[in-house]
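Here is what each chain is made of, one letter per residue.
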Amino acid sequence: MTSSRYFRDGQAATLDDVIDFYDRGGDPDGTLLGGPKQIRPLQLSAVEKLWLKEFLKTLTGEPLAAKFLRDLHSP
């Protein structure tokens, strides 16, 4: 796996961290990762997490331009 960091500020170190974050429904407000209240737990099995990770690793392309990366949750 590459040394990429995930989320807009690099708070998640691995793709597994990202999948776990969404699987648990985000983190409470005020924590390192926090999360919008629209995120709900996914309740994925270990196998489903593995399948999701393998699928995500197949997605390729050029990085998005900065104009598309603005934070819609901040003023």
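Focus on the pattern of salt bridges
Enumeration over the complete set of coordinates arrives at four salt bridges. Notably, a salt bridge pairs aspartate 16 with lysine 53, separated by 3.1 Å at the nearest N-O pair. Taken together, the residues span a long stretch of sequence, with aspartate 16 in helix α1 (residues 15–23) and lysine 53 in helix α2 (residues 46–56) at a distance of 37 residues. By relative accessible area, aspartate 16 is classed as partly exposed at 34%. A residue is classified by how much of its surface remains accessible, and lysine 53, at 16% relative accessible area, is buried.

Considering the packing of aromatic side chains
Under the defined criterion, the tally for this structure stands at one aromatic pair. With a centroid separation of 5.1 Å and an interplanar angle of 85 degrees, the aromatic rings of phenylalanine 21 and tyrosine 22 are classed as edge-to-face.

Reading the values: rules and limits
Residues numbered from 1 in each chain as written. Predicted model: local features only at pLDDT ≥ 70, side-chain atom pairs only at ≥ 80, totals over all residues. Heavy atoms only, no water. Salt bridge = Lys/Arg side-chain N within 4 Å of Asp/Glu carboxyl O. Helix = DSSP H or I, 4+ residues; strand = E, 2+ residues; numbered from the N terminus. Buried < 20%, exposed > 50% of the residue type's maximum accessible area, 1.4 Å probe, protein only. Phe/Tyr/Trp six-rings, centres within 6.5 Å; stacked < 30°, edge-to-face > 60°.

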